[in-house]
Structures are given as structure tokens and as C-alpha cells.
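Notes for the structure review
Here's the letter readout for the chains.
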Amino acid sequence: MKVLVIGSGAREHALCRALSLDPDVTALHCAPGNAGIADVAELHAVDALDGAAVADLAASLEVGLVVVGPEAPLVAGVADAVRERGIPAFGPSAEAARLEGSKAFAKDVMAAAGVPTARAYVCTSPAEVDEALDAFGPPYVVKDDGLAAGKGVVVTEDLEAARAHALACGRVVIEEFLDGPEVSLFAITDGETVVPLQPAQDFKRAQDGDEGPNTGGMGAYSPLPWADPALVDEVVATICQPTVDELRRRGTPFSGLLYAGLAITSRGVRVIEFNARFGDPETQVVLARLKTPLAAVLLAAAVGRLDAEPPLRWSDDAAVTVVVASHNYPGTPRTGDPITGLDKVAEEDGPKAYVLHAGTKRDEASGEVVSAGGRVLSVTATGSDLEKARDRAYRAVGRIGLEGSHHRSDIAAKAAAETTS
């Protein structure tokens, strides 16, 4: 099978890495890709938001599957354009992707499906914002209704900060604060059958101890030794399957990757948000543990044959990923800085530790790999337990040089300590 992956981040590098290890994949392409993806796939310059251009590229390459990675192309209808050309695409339609593209739409679907989530108000005026903030009180949870690259959510005790974010968003969802640890659970679906992956936990705040501003994610780990063994089955039964069934009932079946961001609250599991694609950085650790070849599973979801696939097989190893971010991220990042040490990680830490590229490119003049975004690298490692995976990941991080960069030093630290105590 020839496969084309759309996107340019560490999520797409993780997908490409997994697909490159699949013996059924005879040719692997990525558009537009990055400096790291170029090592495992042939890159193509294309506007990832241009459905016609992506479909033309897929047709010219004669691929048997297109995997759309990021949310913006999905909401823009890129998967629809590919399917209209008769090419299987892994990723929901633009209509179904509204589950991520509009927080208000997601709340409406959850209400109809009986899915447990936070109580919320959809606000479009200053008066509605003030009423909602007053009704819930602190801590305030304010979410931009549309796509915001993982940075459209503010959780704060500061009323004025909450109000300012709400007014800057236009249409906004204000909801009750959900207590308890957060979990990310991915489920592959063809619109009927739902196949869950292993759960992961990510770290949204920029600094150790969950301090600092929200980011797109600074690290993740899997498995979750503290989680109830019945959690995955419960989430599929009460959240994922009802949501997939409701979208099919509405005539907009969801085919692709359903990402449930969950809070394990004192009152039970609640949905924080849905995403319509693999999450970043959780994908990095989930795919590091997946033993089943990936291509056949994604193709089965794309063509409606997921019920015929055998159960997924998983490694017992743990996986940890640490994000190395550029200077000033999550503000306006500094770019163009050389990245050193990548070869050293490959030589001294592989294959148990490896680097997945996110915001990188190869400088045409110098030939060096340089930073090209906010989250630059995802350093991922596996081990027999979280402590070993964590040690390997941070040892590899220590080999990398990127001036002004920063990373969290506490990814999976608490879970690792609880496992070994």
C-alpha cells in the first residue's frame, strides 16, 4: 500500500514513523512534512488546507490511503475532497469534524447522546459572558468556540482575565470547572465500530508543577498505572460509542480518530472536549506502544471494515515523550535557531529513545536542521516501566542543543514515583 500523510508536526512524524515500520507500506509520502519526517517519507510541497490540491497529489502518487493529521484541514473538508476522488481517507468529513471545530456543536451532540460533560453556556455578548461567569464562579473555564491550536482555553481564578479572554473570542463556551486528573483516550472508528487505543496523559501548562500558560502540550506518558482498569471500556460504552451513534443518526457519520479529553472527577468521568484527530503529544507515546501494524487499521476505518480487524496488540512497555519548545513559546516563538545533538541521540539512545520533529526545517544555505515553530521536538522513549522510559527520554533531551529552548522536567514524574513506591 502507498500512503500519504497530511501535516507537518510531531504527530505526523509519529504516524509516519509507525507507517514506515509497517511491512505492508510500500511507499510513504508526507505533505508538507518537516526535516525529521524527510528521513522516513518523501516530502511534497502542498497547502494542507487546499482539498483539491491534496486530492490531486494523492491521485498523482496513486496512493491507497490518505491520513489527514491536523484539525484545520479536517474542518476545511480535505478528507471529503480526497474521498470524492475515490481515494480512501482516514479522517472525518468537515461536518463531522465540527465536533472539534465548534465547542458549542460538541456540547449539543453530547446532550443529545447523553454523554456526561461539564455544564456550559454558549455566549455571544458581554452580558451573556458576565452572566455565565457569575453563575459558575471561580475557577473560570473559558473556551474559544472555534479552532485555536490547543491554546483557546483559559482556566483562571482571575475574573478579569476570564472576561477578557471571553470577549476576545467572540463566540465562547463558558463551563463549570471539572476536578480530578485528566486522561486522553483515542478511539479509531469507521462510523459504527469503535476501537479504543491505550489511554495517555498529557501536560498542558508550560512549566513544571502545572504552572504557566496553557500550551498545545509539553509532554505525555502511557500507560496510566493509577487509572481504573475498567476505564477504557467505560469510556467506550458511555462516551465514544454514543457520540459515534449520534453523529450517524444525524446523517454525518464520524469516520477517523475520535479523541476524548476526559476528567476523572469525584462524580465520575466527564468529557472536557472532543477532538477529531490524533492528539499531540499523546500520539507519540500511544503509537510507541502499539505493536499492531498501523496501515491496515487506518484503512479499515476509512473503508468501513473495522469490525473485521483483529484486536489491537500492545507492548507492556511504558512510553514517555518530552516536548522541547523554542524561546518564548507559547508566545510568539523565535525560529531559525540551529538544532544540535540529533545524530547523537540516534547513535547512543536508539531505538529505545528517538526524536520526533514538530517545528523544524532544513536550512537551504547551511544544510542544518533549524527551529521553525513553537513546539520544536518530541523526544520519545520506551522502557519496562515509566521510570526507565522517563530516564531515557530526559537523557536524550540532554544531548540536544537549541538556544533559548525550554522543556518541563516533571513529565510522568508523579506517576513514575507512585509506580515504584
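What comes next concerns the included structure.

Rules used throughout
- Residues numbered from 1 in each chain as written.
- Predicted model: local features only at pLDDT ≥ 70, side-chain atom pairs only at ≥ 80, totals over all residues.
- Heavy atoms only, no water.
- Helix = DSSP H or I, 4+ residues; strand = E, 2+ residues; numbered from the N terminus.
- Rg over C-alpha atoms; globule rule 2.2 N^0.38 Å.
- Buried < 20%, exposed > 50% of the residue type's maximum accessible area, 1.4 Å probe, protein only.
- Contact = heavy atoms within 4.5 Å.
- Areas by Shrake-Rupley, 256 points an atom, 1.4 Å probe, with all protein chains shown as cover.
- Lys, Arg positive; Asp, Glu negative; His and termini not counted.
- Charge placed at Lys NZ, Arg CZ, Asp CG, Glu CD.
- Axes fitted to C-alpha atoms, helices over the stretch in contact; angles between N-to-C directions.
- Parallel < 35°, antiparallel > 145°, perpendicular 65-115°, else oblique.
- Nonpolar A, V, L, I, M, F, W, Y, C, P; charged D, E, K, R; others polar.
- Polar contact = N/O pair within 3.5 Å; in protein donor to acceptor, adjacent residues only side chain to side chain.
- Pairing = 2+ DSSP bridges.
- Salt bridge = Lys/Arg side-chain N within 4 Å of Asp/Glu carboxyl O.
- Phe/Tyr/Trp six-rings, centres within 6.5 Å; stacked < 30°, edge-to-face > 60°.
- Core = buried A, V, L, I, M, F, W, Y, C linked by side-chain atoms within 4.5 Å.

Turning our attention to the overall build of the protein. Across its full length, the protein holds 14 helices and 22 strands. Since a compact globule built from 421 residues should have a radius of gyration of about 22 Å, the 20 Å found for the protein is in line with a globular shape. Viewed in the frame of its principal axes, the protein has a C-alpha envelope of about 55 × 45 × 45 Å. Counting every position in the protein, which comprises 421 residues, the buried fraction comes to 56%. Summarising the internal contacts of the protein: among those between residues at least 6 apart in sequence, 69% fall at separations of at least 24. In the structure as shown, the protein presents an accessible area of about 16,600 Å², 49% of it carried by carbon and sulfur atoms. Computed over 38 positive and 60 negative side-chain charges, the inter-centroid distance for the protein is 2 Å.

Let's shift gears to the packing of helix 13 (residues 386-397) against helix 14 (residues 413-420). The contact between helix 13 and helix 14 brings their axes to 8 Å, and the two run at 140 degrees. Taken together, the axis directions place helix 13 and helix 14 in an arrangement best described as oblique. Across the interface between the two elements, L386, E387 and R390 of helix 13 pack against A413, A415, A416, T419 and T420 of helix 14. Partitioned by chemical class, the residues of the contact of helix 13 with helix 14 number four nonpolar, two polar and two charged.

For T243, the position within the fold is in helix 9 (residues 231-249). Within the structure, the side chain of T243 is placed 2.7 Å from the backbone oxygen of I239, a separation counted as a polar contact. When neighbours within four sequence positions are excluded, T243 is seen to be in contact with L99, V109, A113, V115, L258 and F274.

Another aspect to go through is the sheet that holds strand 16 (residues 256-265). Pairing in this open sheet of four strands is antiparallel, and the strands run 11-10-16-17 from one edge to the other. Looking along the sheet, the strands with just one partner apiece sit at the ends: strand 11 (194-196) and strand 17 (268-275). Strand after strand, the sheet turns through a mean of 35 degrees between neighbouring axes, direction not considered. As judged from the three bridges shared by strand 10 (residues 182-189) and strand 11, these two strands associate in the antiparallel manner. Its bridge partner being in strand 11, T189 is matched across the sheet by V194.

Next up on the list: the environment of R163. Within the element layout of this structure, R163 appears in helix 8 (residues 159-169). As for R163 and K143, which are separated by 20 residues in sequence, their C-alpha atoms are 11 Å apart. Contact partners of R163, with chain neighbours within four places excluded, come to P126, V129, D130 and L133. A polar side-chain atom of R163 sits 2.6 Å from a polar atom in the side chain of D130.

A few words now on the pattern of salt bridges. Within the structure shown, the criterion is met by 26 salt bridges. Where R277 meets E71, a salt bridge forms, and the shortest distance between an N and an O atom there is 3.3 Å. You can see R277 sitting in the loop between strand 17 and helix 10 (282-289) and its partner E71 sitting in helix 3 (residues 71-75), a full 206 residues away along the chain. Each member of the pair, R277 as well as E71, carries the same accessibility label: buried. Of the charged contacts in the structure, one is a salt bridge between E176 and R119, with a shortest N-O distance of 3.8 Å. Of this pair, E176 sits in the loop between strand 9 (172-175) and strand 10 while R119 sits in the loop between helix 6 (103-113) and strand 6 (120-123), placing them 57 residues apart in sequence. It is possible to trace a salt-bridge network through shared partners that takes in R11, E12, E71, E100 and R277.

Turning next to the packing of aromatic side chains. Following the criterion strictly, the structure yields five aromatic pairs and no others. Measuring from ring centre to ring centre gives 5.1 Å for F186 and Y259, while their planes differ by 45 degrees; the resulting arrangement is tilted. With F186 in strand 10 and Y259 in strand 16, this pair connects stretches of sequence that are 73 residues apart. A residue is classified by how much of its surface remains accessible, and F186, at 1% relative accessible area, is buried. Among the residues examined, Y259 registers a relative accessible area of 3% and is labelled buried.

This part takes up the nonpolar core. Counting 77 residues, the largest nonpolar core has L4, V66, I239, L262 and V320 as its most contacted members. Take this core: its biggest share by element is eight residues, from helix 9. When sequence neighbours within four positions are dropped, the list of residues in contact with I239 reads V115, P116, E234, A260, L262, V269, V271 and F274. V3, A295, L299 and A302 belong to the second largest nonpolar core, which has 44 residues in total.

Spatially, the five strands line up as an open sheet ordered 3-2-1-4-5, and their pairing is parallel. Looking at which strands have only one partner, the edges of the open sheet turn out to be strand 3 (42-43) and strand 5 (89-90). Summarising the sheet, strand 1 (residues 2-7) and strand 2 (residues 27-32) pair through six bridges and their orientation is parallel. The residue bridging V3 from the neighbouring strand is L28, located in strand 2. On the sheet, helix 1 (residues 10-20) packs against strand 1, strand 2 and strand 4 (65-68) and is oriented at approximately 170 degrees with respect to strand 1. Taken strand by strand, helix 2 (residues 51-61) contacts strand 1, strand 2 and strand 4, and its axis lies near 160 degrees from that of strand 1.

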